[in-house]
Amino acid sequence: MIPGGQPNMQQLLQQAQKMQQDLAAAQQELAETPVEGSAGGGLVKATVTGAGELRDLVIDPKAVDPEDTETLADLIVAAVRDANQAAHELQQQKLGPLAQGLGGMPGLPF
């Protein structure tokens, strides 16, 4: 701190820049991290990135009934929802501490 109680702007800018870099690195890591969800006891498995992008969908042949495509559709939706929930939890783990750090900096709109 400099006299008058004003924060050192250079130091604040450096901290903000470091947090921004950390946030970008965490977001990149999330975009590359696969997260899996499943439904129907593993009959349908969905893989999304930590950022929530659907990357893979595996359907066990036992889940396929041409007379009941509605159940299969429900299993797919449930597996993707499960994977997205896991991705959201991963986002909270990776980005939560960074967002809290940014929120504590005076003068920044976070």
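Predicted model only: the values in this text are computed from it and were never measured. (Residues numbered from 1 in each chain as written. Predicted model: local features only at pLDDT ≥ 70, side-chain atom pairs only at ≥ 80, totals over all residues. Heavy atoms only, no water.)

Q: How should the nonpolar core be read in this particular structure?
A: Across soluble globular proteins, nonpolar side chains show a tendency to be buried alongside one another. Formed by 16 residues in total, the largest nonpolar core has its most connected members in V44, A46, V48, L75 and A79. Among the elements of the structure, helix 1 (9-32), strand 1 (34-39), strand 2 (44-49) and helix 2 (69-103) are those that each provide at least two residues to this core. Residue contributions to this core peak at 8 residues, all from helix 2. (Core = buried A, V, L, I, M, F, W, Y, C linked by side-chain atoms within 4.5 Å. Buried < 20%, exposed > 50% of the residue type's maximum accessible area, 1.4 Å probe, protein only. Helix = DSSP H or I, 4+ residues; strand = E, 2+ residues; numbered from the N terminus.)

Q: Please clarify how the side chain of T49 should be interpreted in this entry.
A: With respect to the helices, strands and loops of the structure, T49 is situated in strand 2. Exposure remark for T49: the relative accessible area of 3% places this residue in the buried category. Filtering out sequence-adjacent residues up to four positions away, T49 remains in contact with L30, A31, T33, V35, R55 and A87. (Contact = heavy atoms within 4.5 Å.)

Q: Is there a simple way to explain a nonpolar patch on the surface in this structure?
A: A contiguous nonpolar surface patch, about 210 Å² in accessible area, is contributed by L57, I59 and V64. Within the secondary structure, L57 is located in strand 3 (residues 54-59). (Patch = residues over 30% accessible without salt bridge, like charges linked within 9 Å, V, L, I, M, F, W, Y side chains within 5 Å. Areas by Shrake-Rupley, 256 points an atom, 1.4 Å probe, with all protein chains shown as cover. Salt bridge = Lys/Arg side-chain N within 4 Å of Asp/Glu carboxyl O.)

Q: Explain the pattern of salt bridges here, please?
A: Think of it this way: side chains of opposite charge can pair up when their charged atoms draw near. The final tally for this structure, using the stated rule, is 3 salt bridges. D22 serves as the salt-bridge partner of K18, at 3.1 Å between the closest nitrogen and oxygen. Linking K18 with D22, this pair stays in helix 1, spanning 4 residues, or about one helical turn. Relative accessible area serves as the criterion here: at 48%, K18 is assigned to the partly exposed category. The shortest N-O distance in the salt bridge between E53 and R55 comes to 3.3 Å. A relative accessible area of 53% means that R55 is categorised as exposed.

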